[in-house]
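# Observations on the three-dimensional arrangement
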Amino acid sequence: MRGIVPAGILFAVALLFQATLVLCSFPATLKLERAFPLSQRVELSQLRARDSVRHGRMLQSSNGVVDFPVAGTYDPFVVGLYYTKVQLGSPPKEFYVQIDTGSDVLWVSCNSCNGCPTTSGLQIPLNFFDTGSSSTASLISCSDQRCSAGVQSSDAICSSQTNQCAYAFQYGDGSGTSGYYVSDLLYFDTILGGSVTTNSSAPIAFGCSTSQTGDLTKSDRAVDGIFGFGQQEMSVVSQLASQGVAPKAFSHCLRGDEAGGGILVLGEILEPNIVYTPLVPSQPHYNLNLQSISVSGQTLSINPSVFTTSNNQGTIIDSGTTLAYLAEAAYNPFVTAVTNAVSQSAQPVVSKGNQCYLITSSVTDVFPQVSLNFAGGASMILRPQDYLLQQNSVGSSAVWCIGLQKLQGQGLTILGDLVLKDKIFVYDLAGQRIGWANYDCSTSVNVTATMKTGKSEYVNAGQLNDNSSPRNEPYKGIVISMISFLMHILLLGSFLFL
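Scope of this entry: the structure provided in the associated data block. Since this is a predicted model, take the numbers as computed values, not measurements.

## Points about the sheet that holds strand β22 (residues 354–359)
In spatial order, the strands read β21-β22-β26-β25; together these 4 strands make up an open sheet with antiparallel pairing. Whereas interior strands pair on both sides, the edge strands pair on one side only; in this sheet they are β21 (347–351) and β25 (388–394). Sheet twist, expressed as the average angle between the axes of neighbouring strands with direction ignored, equals 35°. Here β22 pairs with strand β26 (residues 397–402) via 4 bridges, running antiparallel. Bridge assignment links C356 to a residue of β26, and that residue is C401. Along the sheet face, helix α5 (residues 328–341) touches β21, β22 and β26 and points at about 10° away from the line of β22.

## Concerning the packing of aromatic side chains
In total, this model carries 13 aromatic pairs according to the counting rule given. Measuring from centroid to centroid gives 4.7 Å for F227 and F229, while their planes differ by 45°, and the two rings are tilted. With relative accessibility at 3%, the residue F227 sits in the buried group. With a relative accessible area of 1%, F229 lands in the buried category. Look at F374 and W436: their rings are 5.1 Å apart centre to centre, the planes differ by 65°, and that puts the pair in the edge-to-face class. A residue pair is termed long-range when its members are at least 10 positions apart, and F374 in strand β23 (residues 370–374) and W436 in strand β30 (residues 433–438) qualify at 62 residues. Using a relative accessible area of 2% as the deciding quantity, one classes F374 as buried. Relative accessible area serves as the criterion here: at 3%, W436 is assigned to the buried category. Ring pairing ties together the aromatic residues F227, F229, F250, Y286 and Y427, which thus form one cluster.

## Some details on the pattern of salt bridges
Evaluation of the coordinates by the stated rule reveals 9 salt bridges. Between K423 and D386 there is a salt bridge, with its nearest N and O atoms 3.4 Å apart. Remark: D386 occurs in the loop between β24 (379–382) and β25 and K423 occurs in strand β29 (residues 423–428); sequence separation between them is 37 residues. Accessibility expressed as a relative area gives 0% for D386, which makes it buried. Taking the shortest distance from any N to any O, the salt bridge between D428 and R433 comes out at 2.9 Å.

## A word on unusual backbone geometry
A cis amide bond links S90 with the next residue in sequence, P91, at an omega value of 0°. At Q123, a position not held by glycine, the phi torsion is positive, near 60°. Of note, Q123 is situated in the loop between β5 (106–114) and β6 (138–139). Its identity is not glycine, yet D422 carries a phi of approximately 60°, on the positive side. Tracing the chain through its elements places D422 in the loop between α7 (417–420) and β29.

## Describing the environment of G403
Among the secondary structure elements, G403 is positioned in the loop between β26 and β27 (404–407). C-alpha separation for the pair G403 and Y387, spaced 16 residues apart in sequence, amounts to 5.1 Å. Dropping the residues within four chain positions of it, G403 is found in contact with L323, A324, Y387, L388, L389 and L418.

## Let's talk about the sheet that holds β23
Here 4 strands make up an open sheet; going across it, the order is β18-β17-β23-β24 and the pairing antiparallel. Edge positions in the sheet fall to β18 (298–299) and β24, since each has one partner strand and no second. Sheet analysis places strand β17 (residues 290–295) next to β23, joined by 5 bridges and oriented antiparallel. Bridging across to β23, S294 finds its partner in S371.

## Some thoughts on the nonpolar core
Residues L88, F334 and F367 are the most contacted members of the largest nonpolar core, which totals 73 residues. The element best represented in this core is α5, accounting for 6 residues. Non-local contacts of F367, meaning those with residues more than four positions away in its chain, are made with V338, V342, Y357, I359, P384, Y387 and L388.

## Brief notes about the state of the cysteines
Under the definition given, this model contains 6 disulfides. C147 shares a disulfide with C165; S-S distance 2.2 Å. Handedness of the C147-C165 disulfide follows from its S-S torsion of about 100°: it is right-handed. Pair noted here: C147 is in helix α3 (residues 145–152) and C165 is in strand β8 (residues 165–170), with a separation of 18 residues, a long-range link. The disulfide partner of C356 is C401, and the gap between their sulfur atoms is 2.0 Å.

## Quick look at the environment of V426
Relative to the helices and strands, V426 resides in strand β29. Setting aside chain neighbours within four positions, we find V426 in contact with F250, S251, E268, I269, I274, Y276, R433, I434 and G435.

## A look at the side chain of E271
You can see E271 is positioned in the loop between β14 (268–270) and β15 (275–278). For the buried residue E271, which engages in no salt bridge, the nearest side chain bearing the opposite charge is R433, 14 Å off. Discounting residues that sit within four places of it in the chain, E271 has contacts with I424, A437 and Y439.

The rules behind each value
Residues numbered from 1 in each chain as written. Predicted model: local features only at pLDDT ≥ 70, side-chain atom pairs only at ≥ 80, totals over all residues. Heavy atoms only, no water. Pairing = 2+ DSSP bridges. Helix = DSSP H or I, 4+ residues; strand = E, 2+ residues; numbered from the N terminus. Axes fitted to C-alpha atoms, helices over the stretch in contact; angles between N-to-C directions. Contact = heavy atoms within 4.5 Å. Phe/Tyr/Trp six-rings, centres within 6.5 Å; stacked < 30°, edge-to-face > 60°. Buried < 20%, exposed > 50% of the residue type's maximum accessible area, 1.4 Å probe, protein only. Salt bridge = Lys/Arg side-chain N within 4 Å of Asp/Glu carboxyl O. Core = buried A, V, L, I, M, F, W, Y, C linked by side-chain atoms within 4.5 Å. Disulfide = S-S within 2.5 Å. Lys, Arg positive; Asp, Glu negative; His and termini not counted.

This is the structure in structure tokens:
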């Protein structure tokens, strides 16, 4: 039976609800965000240009689950980048760094950096690392084993005069960075035994940038550095795995809806529908052996040699690319097959050099399913919205364009966010394989905490964004005090209305 609730109780409940909203907003962990200017749509040509710069930047040469809750909204028509906040040094200092699966090294700007931007259009504060201000920082010499490993993978260089382990990365777009390596503490949050463990730390080697050139000097999308998620020994993933801090694997699941966000963890997501294909060995990037493409269940007539991995050819998984790109020899057969499949329901049009279509019904009702078929029998199923982009509308018709772009004169196929969204992706570096499965990235996942025992943890999207962190102890005290006060009001209100 529903009774009348006293006004005092309603007021107290409202206060408690508002207090909960405010106090729960304090971040308790590292956040991976998609940064972009809101309400700004761009042309496909601009996205291709930005991705071209991105591709030029690809370097050519535990026990607990480390969780990075993902924030931001995915929209392939808005130029953005993925970045996260890391803490380095003693006392810890915060740095915003771009997530990059195309390189190995974590580097941040140093206090003596030449050409480093001091402001960012992303509305984030930029910091500079100072080795003299950290009590745990130390320089890495050429005789350090980590430096030797970096030299072998072209991630480090050595000066016989100074015995200092250094680096100089030159990117294809003309930008570059150089500096020296430092060893210091990296702080992170982990999930172990179903509970959050905060303020965990481990010593890692990372780059201290003293010079930046080209696009890296621009402030419109400036961050403090780059967080390389590659598989060489200098990567943070490999370093933490060698110390037993985390498995030698990481996973992501990027939401493709308007809410955005997703999951990024150091660990292997467990999902029964994941299919795996082996990594092509001895490659600087995450290369896979793509064997064929099917449209509406029909395999396209593309010579398999088109996808063979070589110096300037092959298929790369890259979460830092906005669109997706097909080798030139595969692009035309793909577009022809899609156009033939929709000939009765869509009107083909060319918009600014892009193959587009005018449709009046749902895109999923008109366009066919596409399958990318990899070695080992693993297929990646693409829905229409995984290879098409809605450009605009003309009257009652919607304009959808092929989002898989052609790499003119090149044999590379690059699978970016357009294809990767709404899927779990597991980078099992220990097993030298990559797996994926279609998934609702707004829901929870199971992640292996210890590769040897198979122990797993249950991770919610944004699980660490709560008040369980010791860094939130002052706020927890406020919460307890307010709850006590509001409970007093509740009891008083109940007594008055008896």
